[in-house]
Amino acid sequence: MIPQPLADTHDVVFDVEHITLRFGGVVSLNDVSMQMRRGEILAVIGPNGAGKTSLFNVLTGVYTPQEGRVLLRGRPGDSPVSVIGKKTHVINRLGVARTFQNIRLFPALTAIENVKVAVETRQKAGPLAAMLGMPWQRKEERDSTAAAYALMRDVGLGERGNELASSLAYGEQRRLEIARALGTNPGVLLLDEPAAGTNPQEKRELAELISRINRERNISVLLIEHDMKLVMSVADRIIVLNFGGKIAEGTPEEIQRNPAVVAAYLGTSAEDAARQATDQPELHLIDTQLEPPPTDEERSGD
Amino acid sequence: MTTLETPPTTTPTPPPPPPAMRRAGNETSRVLLKRLAGCLIGGFVLGLMVNSKEGSPDDFGFVFHQTALKPRMLIFLAIGVVIFAGITFWGYLRQHARRPGVRPLGMGILVIVVSQVVLNWYDPQTVKFNGLRKLVDKSSGLSSTTTWFFDWLSWTLVALSVVVTGAAIVTRRRVFGWVTTVLGIAGAVLAWTAHSDVLDLGGGIDHSLGAYGDVIGFLILAGAGATVALSQAEVADSRGFMTRVMEYRPGLPFAVLGAVLAAFSYARNCWFAPVNRNLDFAKTHDAYQGTDINSLASNYLGWLGWVCFVVVAVLTLAATYLRQRLLGWLAAGAALVATVLTFFSLKSMTDVAAKSVPQFGKSWNNLGAGGFTACISYGLFAAAAAYVIARPKTRAAGKSATLPVSRALEKARNSANMKALIVIALAVALFYPPMLSQYWQNVLVTQMAVYLLLAVGLNVVVGWAGLLDLGYIAFYAVGAYTTAYLTGSLPRKPPSWLHMTPLLTIPFAIVACLIAGVLLGAPTLRLRGDYLAIVTLGFGEIIQIVAQNNPGNFTNGPRGVEPPVPHPKLEIGGWKITWGLDNLPYWYLLLVMLAIVVVLFYRLENSRLGRAWAAIREDEVAAQASGVNTVRAKLLAFAIGASTSALAGTFFASQTGFFDPTQFDIFTSILIVAYVVFGGMGSLPGAMAGAAVLTWLPEFLKSQVPTDDRQMWVGALVLAMMIFRPAGLLPAKRRKAELSHLDEASPGEVSAIPRGGAM
Ligand SMILES: Nc1ncnc2c1ncn2[C@@H]1O[C@H](COP(=O)(O)OP(=O)(O)OP(=O)(O)O)[C@@H](O)[C@H]1O
Ligand SMILES: [Mg+2]
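Residues numbered from 1 in each chain as written. Chains lettered and ligands numbered in written order. Predicted model: local features only at pLDDT ≥ 70, side-chain atom pairs only at ≥ 80, totals over all residues. Heavy atoms only, no water.

Focus on the overall build of chain A
And step 1. The secondary structure content of chain A amounts to 12 helices and 10 strands.
And step 2. Looking at chain A alone, contacts between residues at least 24 apart form 67% of all its contacts between residues at least 6 apart.
And step 3. For chain A, the computed accessible surface area is about 13,000 Å², with 52% contributed by carbon and sulfur atoms. (Helix = DSSP H or I, 4+ residues; strand = E, 2+ residues; numbered from the N terminus. Contact = heavy atoms within 4.5 Å. Areas by Shrake-Rupley, 256 points an atom, 1.4 Å probe, with all protein chains shown as cover.)

What follows is the structure, encoded as structure tokens:
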């Protein structure tokens, strides 16, 4: 899989080169390189424990890889900056927002407050202005409320603003997390399994929401997802990780036909898989159930 | 490195094989046995706790021996058995326990038991209920009902009430409910008459609370009976009931309470109390005839006082009854005018008396409680008016009580409640302290006041930002020493242009504490919860030891400050206030400081920084990923908390005048954390309530239990609070939400006791 040369290197959002991340003996990411282009929806797939979330954590500054470098041009026209060693909130300010695999909202805050927290990280008024109730601070407060409500409506939670985040339904919490991420006005959005634990109807809506965010806000999306139908329907390109290494990269069609990918998912060797794929043309990745559907326990608590 | 995601568990644990019946039986009997043992040990510990510790207070063996041998041990073991039975048969009891009236019943019994076991009943002899019974038995000249009441009648009434109410609840017969009501009222009347009987015979000055507690307890029992008789509901809904009461005529309960209090104040209360005399309103008027008191005060005592009362009461009742916003404003204005008039008259009275007959006592020391009670009652009227003003249109809500009430309405209700409560709290804070005895005024200023401020400040750090700071006292010390330095009370004198009066040092103390807060915070805030607690603990200790060691002869070491820090002075234009040795003025100074701090912090809590703190507390990683600069926010929490303690330090330094390093020990630091946790982490009123209750209680217990036992009872109360109400006395809105989802939340969530883990 040779990555296709990019027409204009300025249009690269994330430029990841040879990163390796180890936890003691465990190698979570092994010499991974990738490039994410501006405006695309790039999906990262791979079996459990492949290192997808670890990649996200490296890109957002939660983990520091032992080797390699990561360059970021968060918003169009930005000059490239290295992500390694930067604090998470600094990277967020550079235009990278994310959601989490196991939902991490602020449960004791209301839904609208969750979004406001994100929106307000871009505001100026300090504690003194707040204590004295300065007019500009009040204006900012009104602005953030309005912006947060606009975002909530955008993800279809317009009516639920005053509910506690923890009292929302599972799918709603997932969408609230997306709204919160959008609140920081990002150039690139990292979604970690946004469809996990949602029903088919919600999955369709989610796919629609992701493409809409990508289209209308011109936000590049990096998407981890196990649901192949969703990935194939929204992704422009796909990267496949297995055991911490990148094993494939390409368009959805290419990935579906890739014997190494099929092997990784079926747990057989690449040659076997290739033979199987030719023997049984109907065997398609899209039918592979990569993960057991979540049980009720998994839905209600992590 | 934080673990972001727990790897998914791929192998579900197989369900355990169905246990054999015999094993299950064993299991339950073991649980029961454990529970019984726990309850009996609990009863035994209770027995040890209420022991009077005859003999040497340190001879624990002796105490143990006494407790174990006395037959009263049986009582406590019996209590243990009752609790055991309660827990075991909870399933059966529960269907009845949820019925209306059960909670008031329990409450009433609790109040009566506390009154008849813990509280004093007759001060001249310092006896409790039981002691008074022995005295009454020995003395003659008391009516027979009084003797009976102390002998057997009161406990019999309680037992009867319990049995009858229980019967009413189980059989659903209303008659039994009414019987309890009659019993309760009878008990209240008997308790009142018996106590006054004793007073009439014995004489002397009595401030004991036992009889009053008893009366209230019996009245609650009567209320429980009425509730059982009147309510048909299966499940008690006290909140709904309260709402309906308030909805019926907005603020009516406050108005009625105010009317009763005011009537009592004008008709019965003592207004003027020079040495050895208690004069009520009318007699005070007579006493001031012919003195050179100004005409307004004279008229007030003559007729204006009553007119004030009638006008305010009529206006307020009309406003609540007609739900008229305009009338509400009128009533509030009238209440304000009445308060000012009353206060002005009181001032004239006390000044005239202090001038003409100095032996009657200094200004403000020769007044009775009456005038201040009247002021508080006007506060209640004003609260009712505020309720009317905040929610004039409640009729619709009252009608749709069965429908789910819309959120907007609930919000309006909450804000109305809050306004009314703020008015009442203010009235009480302003006018209650003057009624207190010198002793309690001293306690209020020296024990409570400073801790109110400190608790409010620590609440920022612990409650809002979620940082466990065990060295908070260090900032208090920095504030106090800064003030001492700038007022020239330390060996090192400030340059003359920097020498100032205590109140002027406040900004400097705040800056010093801000710097100290940042100095401590910057290197340590990267640490996680428990480690931060240890480091701050060390910081507190370091500051104290530095103060002891007197580096550069700055702090004067263990000898403390000298000369004393001067008392505060304030001069604005020609207007001059000086504080001296009297306690009460300090209370008002503190009230001003507290009011400012609370208003500022209330705004802060609902600002972006307040939300950022909540976010960090809830999930630090997610907060960072949402762009929150967590280190900065935490630093701000530290600094803002520290600057509040600077205020407290200044207040403390100039009020006591003298202090030394021993006052800033770790123990005090941990006490403040306890106040915040007890009151409700993250709740402004909670922090204040926690500090108030926990500083008041030890002083109160001084006269009720042996001195050595005080902290034990305080500890028991805190323990009970953490078990039964972990969110605290007045839980924070945000925290409450957090705790109520405990059962669903991640297992890492903190709770006092794991679900189902209690015995
Ligand atoms: N903080 C950590 N400490 C130790 N090991 C870790 C840590 N984070 C991840 N790992 C390990 O790194 C490997 C990759 O984990 P990662 O969470 O990135 O997988 P993933 O592709 O997101 O899997 P899934 O589909 O289950 O979410 C796993 O073996 C995991 O145990
Ligand atoms: Mg993952």
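Some remarks on the overall build of chain B
And step 1. Scanning chain B from terminus to terminus reveals 29 helices and six strands.
And step 2. Look at the contacts in chain B between residues 6 or more apart in sequence, and 74% of them connect residues 24 or more apart.
And step 3. Entry remark: accessible area of chain B is about 37,700 Å², with carbon and sulfur atoms responsible for 68%.

Description of the pattern of salt bridges
Pairs can form between side chains of opposite charge once their charged atoms are near each other.
And step 1. One pass over the structure, following the stated rule, counts 21 salt bridges over all chains.
And step 2. Here A:Arg212 makes a salt bridge to A:Asp154, at a shortest N to O gap of 3.8 Å. Of this pair, A:Arg212 sits in helix H7 (residues 200–216) while A:Asp154 sits in helix H5 (residues 135–154), and the two are 58 residues apart along the sequence.
And step 3. The exposure class assigned to A:Asp154 is partly exposed, which follows from its relative accessible area of 26%.
And step 4. Residue B:Glu620 is joined to B:Lys634 by a salt bridge in which the shortest nitrogen-to-oxygen separation is 3.0 Å. Highlighted residues: B:Glu620 in helix H24 (residues 620–625) and B:Lys634 in helix H25 (residues 630–656), separated in sequence by 14 residues.
And step 5. A single network of salt bridges, built from pairs that share partners, joins A:Glu40, A:Arg237, A:Lys246 and A:Glu249. (Salt bridge = Lys/Arg side-chain N within 4 Å of Asp/Glu carboxyl O. Buried < 20%, exposed > 50% of the residue type's maximum accessible area, 1.4 Å probe, protein only.)

Side note on the domain arrangement of chain A
Residues and elements named next belong to chain A.
And step 1. In terms of domain boundaries, chain A breaks down into domain 1 (7–95 + 186–290) and domain 2 (105–185).
And step 2. Taken together, the contacts link 20 residues of domain 1 with 14 residues of domain 2.
And step 3. Of the roughly 1,400 Å² buried between domain 1 and domain 2, counting both surfaces, carbon and sulfur atoms make up 53%.
And step 4. Linking domain 1 to domain 2 there are two salt bridges.
And step 5. Our count for the domain 1 to domain 2 interface comes out at six residue pairs in polar contact (both at pLDDT 80 or more).
And step 6. Listing elements by their share of the side of domain 1 that touches domain 2, those giving two or more residues are helix H2 (88–93), strand E7 (188–192) and H7.
And step 7. For the side of domain 1 that touches domain 2, the element with the highest residue contribution is H7, accounting for five residues.
And step 8. Class assignment of the residues belonging to the side of domain 1 that touches domain 2 gives a composition of nine nonpolar, four polar and seven charged. (Domains from an automatic or database assignment. Buried area = accessible area lost by both parts, 1.4 Å probe. Polar contact = N/O pair within 3.5 Å; in protein donor to acceptor, adjacent residues only side chain to side chain. Nonpolar A, V, L, I, M, F, W, Y, C, P; charged D, E, K, R; others polar.)

A short note on the site of ligand 1
Residue and element names in this part refer to chain A.
And step 1. Around ligand 1 sit 15 residues, and of these Ser28, Lys52, Thr53, Ser54 and Gln101 come closest.
And step 2. Between ligand 1 and the protein, one listed contact pairs an oxygen atom with a backbone N or O atom of Ala50 at 3.2 Å.
And step 3. Measuring from an oxygen atom of ligand 1, one finds a side-chain N or O atom of His226 at 3.0 Å.
And step 4. Surface burial for ligand 1 is 77%, taken as the share of its 630 Å² of free accessible area covered by protein chains.
And step 5. If you list the elements that add at least two residues to the shell around ligand 1, you get strand E2 (26–37) and helix H1 (52–59).
And step 6. Per-element tally for the shell around ligand 1: the top contributor is H1, with three residues.
And step 7. Looking at side-chain class alone, the shell around ligand 1 contains five nonpolar, eight polar and two charged residues. (Near = heavy atom within 4 Å.)

So, the coordination of the magnesium ion (ligand 2)
All names here are of chain A.
And step 1. The coordination sphere of the magnesium ion (ligand 2), as far as protein atoms go, consists of Thr53 (OG1) and Gln101 (OE1), spread over 1.9 to 2.1 Å. Residue Thr53 is located in helix H1, and its partner Gln101 is located in the loop between strand E6 (96–98) and helix H3 (111–120); the two are separated by 48 residues in the primary sequence.
And step 2. Assessed through its relative accessible area of 14%, Thr53 is described here as buried. (Donors = N, O, S within 2.8 Å, 3.2 Å for Na, K, Ca; no water.)

Some details on the interface of chain B and chain A
And step 1. Of the residues lining the interface, 38 residues belong to chain B; the matching set on chain A comes to 47 residues.
And step 2. Across the chain B to chain A interface the summed buried area is about 3,600 Å²; carbon plus sulfur atoms make up 57%.
And step 3. Taken together, the connections running from chain B to chain A amount to three salt bridges.
And step 4. Between A:Arg104 and B:Asp619 there is a salt bridge, with its nearest N and O atoms 2.8 Å apart.
And step 5. On the surface where chain B and chain A come into contact, there are 14 residue pairs in polar contact (both at pLDDT 80 or more).
And step 6. Sort the elements by how many residues they give to the side of chain B that touches chain A and helix H23 (residues 608–618) of chain B lands first, with six residues.
And step 7. A class-by-class count of the residues in the side of chain B that touches chain A yields 18 nonpolar, 10 polar and 10 charged.

What to know about the pairing of E2(A)
All names here are of chain A.
And step 1. Direction of pairing for strand E1 (residues 12–23) relative to E2: antiparallel, over a ladder of eight bridges. Following the sheet pairing, Asp15 is matched in E2 by Gln35.
And step 2. In sequence, E1 turns back onto E2 through a hairpin of two residues, with Gly24 there showing a positive phi of about 60°. (Pairing = 2+ DSSP bridges.)

Some words on the sheet that holds E2(A)
Residue and element names in this part refer to chain A.
And step 1. The sheet built from four strands is open, its strands ordered E2-E1-E4-E5 with antiparallel pairing. The strands lining the two open edges of the sheet, one partner per strand, are E2 and strand E5 (81–82).
And step 2. The pairing of E1 with strand E4 (residues 67–72) spans five bridges and is classified as antiparallel. Bridging from a neighbouring strand, Thr20 pairs with Glu67 of E4.

A closer look at helix H6 (residues 170–183) of chain A
And step 1. Compared with the 20 Å implied by 1.5 Å per residue over 14 residues, the 20 Å span of H6(A) between its first and last C-alpha is a close match.
And step 2. Directly after H6(A), the chain includes A:Asn185, whose backbone phi takes a positive value near 55°. (Expected span 1.5 Å × (residues − 1).)

Thoughts on the domain arrangement of chain B
And step 1. Domain assignment breaks chain B into domain 1 (37–47 + 70–88), domain 2 (96–236), domain 3 (244–398 + 406–435) and domain 4 (453–665).
And step 2. Averaged C-alpha coordinates put domain 1 of chain B and domain 3 of chain B at centres separated by 47 Å.

Regarding a nonpolar patch on the surface
Residues and elements named next belong to chain B.
And step 1. Residues Leu46, Ile75, Ile79, Ile83 and Ile87 make up a contiguous nonpolar surface patch of about 380 Å² in total accessible area.
And step 2. Per-element accounting of the nonpolar patch gives the leading share, four residues, to helix H3 (residues 72–88).
And step 3. When you line up the elements, Leu46 lands in helix H1 (residues 21–49).
And step 4. Judged by relative accessible area, Leu46 falls into the partly exposed class, the value being 30%. (Patch = residues over 30% accessible without salt bridge, like charges linked within 9 Å, V, L, I, M, F, W, Y side chains within 5 Å.)

A few points about the nonpolar core
General note: in soluble globular proteins, nonpolar side chains tend to be found buried as a group.
All names here are of chain B.
And step 1. The biggest cluster of nonpolar side chains holds 109 residues, and the ones touching the most others in it are Phe475, Phe601, Trp613, Phe659 and Phe664.
And step 2. For this core, the leading source of residues is helix H18 (residues 438–464), giving 16 residues.
And step 3. Filtering out sequence-adjacent residues up to four positions away, Trp613 remains in contact with Val460, Trp464, Ala465, Leu604, Ala633, Leu636, Ala637 and Ile640. (Core = buried A, V, L, I, M, F, W, Y, C linked by side-chain atoms within 4.5 Å.)

Some thoughts on the confidence of the model for chain B
All names here are of chain B.
And step 1. On average, chain B scores 82 in pLDDT, and the residues at 70 or more come to 88%.
And step 2. Contacts from residues 1–21, a stretch scored under 50 in pLDDT, to residues over four places away or in other chains number 21 contacts.
And step 3. Quick note on the complex model: pTM equals 0.82, ipTM equals 0.86. (pLDDT = per-residue confidence, 0-100.)

A look at the pairing of strand E3 (residues 41–45) of chain A
All names here are of chain A.
And step 1. The element E3 is largely enclosed, with a buried count of five among its five residues.
And step 2. Residues Ile41, Ala43 and Ile45 line one face of E3 and the alternating positions Leu42 and Val44 line the opposite face, and both faces are buried.
And step 3. Both E3 and strand E8 (residues 220–224) contribute to a ladder of four bridges, which runs parallel. From the neighbouring strand, Val44 faces E8, where its bridge partner is Ile224.
And step 4. Alignment of E3 against strand E9 (residues 237–242), held across four bridges, turns out to be parallel. From the neighbouring strand, Val44 faces E9, where its bridge partner is Ile239.

Structural notes on the packing of aromatic side chains
And step 1. Summed over the entire model, instances satisfying the criterion amount to 38 aromatic pairs over all chains.
And step 2. A centroid spacing of 6.5 Å and a plane angle of 85° characterise the contact between B:Phe129 and B:Trp155, whose relative ring orientation is edge-to-face. Of this pair, B:Phe129 sits in helix H6 (residues 129–138) while B:Trp155 is found in helix H7 (residues 144–171), placing the two residues 26 residues apart along the sequence.
And step 3. Given the relative accessible area of 36%, B:Trp155 is considered partly exposed.
And step 4. Relative to B:Phe431, the ring of B:Phe343 lies with its centre 6.3 Å away and its plane at 55°, an arrangement referred to as tilted. Note that B:Phe343 is positioned in helix H14 (residues 325–356) and B:Phe431 in helix H17 (residues 407–431), a separation of 88 residues in sequence.
And step 5. Clustering of aromatic rings is evident, with ring pairs tying together B:Tyr266, B:Trp271, B:Phe281, B:Tyr300, B:Trp306 and B:Phe309.
And step 6. If you follow A:Arg104 out to its NZ or CZ, it ends over the ring of A:Phe100, 5.5 Å from the centre.
And step 7. Taking NZ or CZ as reference, A:Arg180 lies 4.7 Å from the ring centre of A:Phe106, over its face. (Phe/Tyr/Trp six-rings, centres within 6.5 Å; stacked < 30°, edge-to-face > 60°. Lys NZ or Arg CZ within 6 Å of the ring centre and 35° of its normal.)

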